[in-house]
Amino acid sequence: MRNYLLRRFLQAPLSHSRSVPAVSLSSRRYAVSAPLIEEEAETVVFPREGPGFSYGLNWALAGKGVIVNDKAFRNLKSSELQQKGATIAESLSGLPIHVRGDVLGGALEIPKAQFSKLLKQVTSHLSSISDIYVHDGAIGSSSKCDAKVRVISDSPSAVLSLSNVLWKTPTRAVSHDSCPLTVYVASSLSAGAMEAVGIGSQGKNGFIAADIERSSLILCGKAFCDTTGIKAALSSLSGPIISARGGLPLSARLLVSGDSVILLFAPDDIVRSCSDLLVSMDAGVILSSQGVAPFFRTGNSSRPNLYKLPAAVILASSDSSGAIPSVSKLSPGQAAYHFLAGYRNGKFTPAYTEIPSSAGPLELSKAVLLTLKDDQIPAFLINANEGEKLTTEPKVPNTALENLYETIYVSLCKDFVKLVQSTLTKNVPPFKPKGGDLEGKYKSFLTGKFKELPEEFSF
């Protein structure tokens, strides 16, 4: 059995050679019988490494539960993946995301035993196929605060897709990393195997399952085509690693205006108004003492991977009651308070985070407070006023009405961009609410959700 496992792991026949001693022994008392000499001199010649075969990689994959059946190809170029049959798959969205360890409750829960059973099914599947594809990358472009990622896939198309999401990382960086994330892709896993663990029936095109404690992500079926879902799951998994390395993972975007970098917290529909100024439409950045970097590749090779510390932090809110001024300056304590609330037209989204997360919003808010104080970064609150509706709809055809709404929306978008840029060029007054019961709504929500707030936090 031991010899069988060794042969399977090495993936090549062993050749034997019998060597002759280079020095003859002149004294009879050192002489031994010929059969014994031959037995001691017998050596095992290991096969040479080559494309698809690496001892170190095979051992590393075995440590993740995947025994290479034939070949494992690592970090192939796009052209090489296409030669292996990779194609650009049609994009999907909205696939089920199951997360173990999500403190926000925004994803479907998956018990530990169920994830373990699923992982066993997936690793057995990957160990049974001829060729597997490995890709090493990172979340975040700062080597000091990033999270290394290793993808193990049964599909070259999946690797081609994920290689456009992850930042490039130096050779062997993942092998030498203390806590890399592992992404298992089982695109050809049978429906019966998926249903056997009680998940497959919930997503006919596939599903995404993550275990934050294990630092593991599983993509079944066509889940590798759901880029938005994958980024959300990877953001959740990488949070603890990034935090442990001195980075602050935030659900924000980078906006570049002239020579200034702005950290923008805003809902998706609001940020579309200034997409031309954004480094990426994806929400997710790492803020550290080295600067600020996007979670994922931006698709624009001309832009830097790491940006300088932001000149300002902007929190975008929407309040049609008029209680929040169009633009106002916040103290660090006020910024942390409004960041924690994430208010928009009666709805609260703590820490502006709608994806699964292992980090509590209150802890993130405390970290934001310290960062603003230590790095002396000014913070501003903008009322995007997106909730404003037409009180009386004109009696016009639907197409004309849609055009009217589009015109109003474009006007609001331009105003929002002007407000963002004004924070850097004008003397903005401090925040003073214009009456109403909005402060009471904030207090009622936050005190009901969080037991104790820091004294510095204020409306």
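Attention here is on the structure that accompanies the text. Keep in mind that this is a model prediction, so the values were computed, not measured.

## A short note on the pairing of strand β20 (residues 379-383)
β20 sits mainly inside the fold: 5 of its 5 residues count as buried. Residue alternation in β20 divides its side chains into two sets, Ala379, Leu381 and Asn383 and Phe380 and Ile382, and both sets are buried. In this sheet, β20 lies alongside strand β16 (residues 312-317) in parallel orientation, the contact comprising 5 bridges. Pairing of Ser317 across the sheet is with Asn383, part of β20. As paired strands, strand β17 (residues 327-330) and β20 are joined by 4 bridges and run antiparallel to one another. By the bridge assignment for β20, Lys329 is matched with Phe380.

## Thoughts on the layout of surface pockets
Quantified by volume, the largest pocket comes out at close to 860 Å³. Together, 36 residues line the largest pocket, and Arg253, Asp268, Ala283, Glu354 and Ile355 are the ones closest to its centre. Counting only elements with at least two residues in the lining of the largest pocket, the list comes to α8 (227-244), α9 (268-271) and β18 (343-344). With 6 residues, α8 is the single largest residue contributor to the lining of the largest pocket. When the residues that make up the lining of the largest pocket are grouped by side-chain class, the tally is 16 nonpolar, 10 polar and 10 charged. Its boundaries defined by the atoms lining it, the second largest pocket holds a volume of some 310 Å³. Lining the second largest pocket are 17 residues, and of these Asn75, Leu76, His135, Ser163 and Lys168 sit closest to its centre. The set of elements that each furnish at least two residues to the lining of the second largest pocket consists of α4 (78-83), β6 (131-139) and α6 (156-163).

## A short note on the packing of helix α10 (residues 332-341) against helix α13 (residues 438-449)
Taken N-terminus to C-terminus, the directions of α10 and α13 make an angle of 70°; their axes are 10 Å apart at the nearest point. Comparing their axes, α13 and α10 come out roughly perpendicular. Contact with α10, carried on its side by Tyr337, His338, Leu340 and Ala341, involves Tyr442, Lys443 and Leu446 of α13 and no other residues of that element.

## Section: the environment of Cys145
With respect to the helices, strands and loops of the structure, Cys145 is situated in the loop between β6 and β7 (147-153). For Cys145, a relative accessible area of 3% puts it in the buried group. In sequence terms Cys145 and Ser243 are 98 residues apart; their C-alpha atoms lie 7.9 Å from each other. Apart from residues no more than four positions distant in its own chain, Cys145 is found in contact with Ile242, Arg245, Gly246, Gly247, Ile286, Ser288 and Gln290.

The rules we used
Residues numbered from 1 in each chain as written. Predicted model: local features only at pLDDT ≥ 70, side-chain atom pairs only at ≥ 80, totals over all residues. Heavy atoms only, no water. Buried < 20%, exposed > 50% of the residue type's maximum accessible area, 1.4 Å probe, protein only. Helix = DSSP H or I, 4+ residues; strand = E, 2+ residues; numbered from the N terminus. Pairing = 2+ DSSP bridges. 1 Å grid on protein atoms, 1.4 Å probe; cavity = no way out; pocket = protein on both sides within 12 Å on 5 of 7 lines; lining within 4 Å. Points joined across faces, edges and corners; volume = space filled by probe spheres on them. Nonpolar A, V, L, I, M, F, W, Y, C, P; charged D, E, K, R; others polar. Axes fitted to C-alpha atoms, helices over the stretch in contact; angles between N-to-C directions. Parallel < 35°, antiparallel > 145°, perpendicular 65-115°, else oblique. Contact = heavy atoms within 4.5 Å.

Bear in mind that shape data such as this cannot, by itself, settle questions of function.
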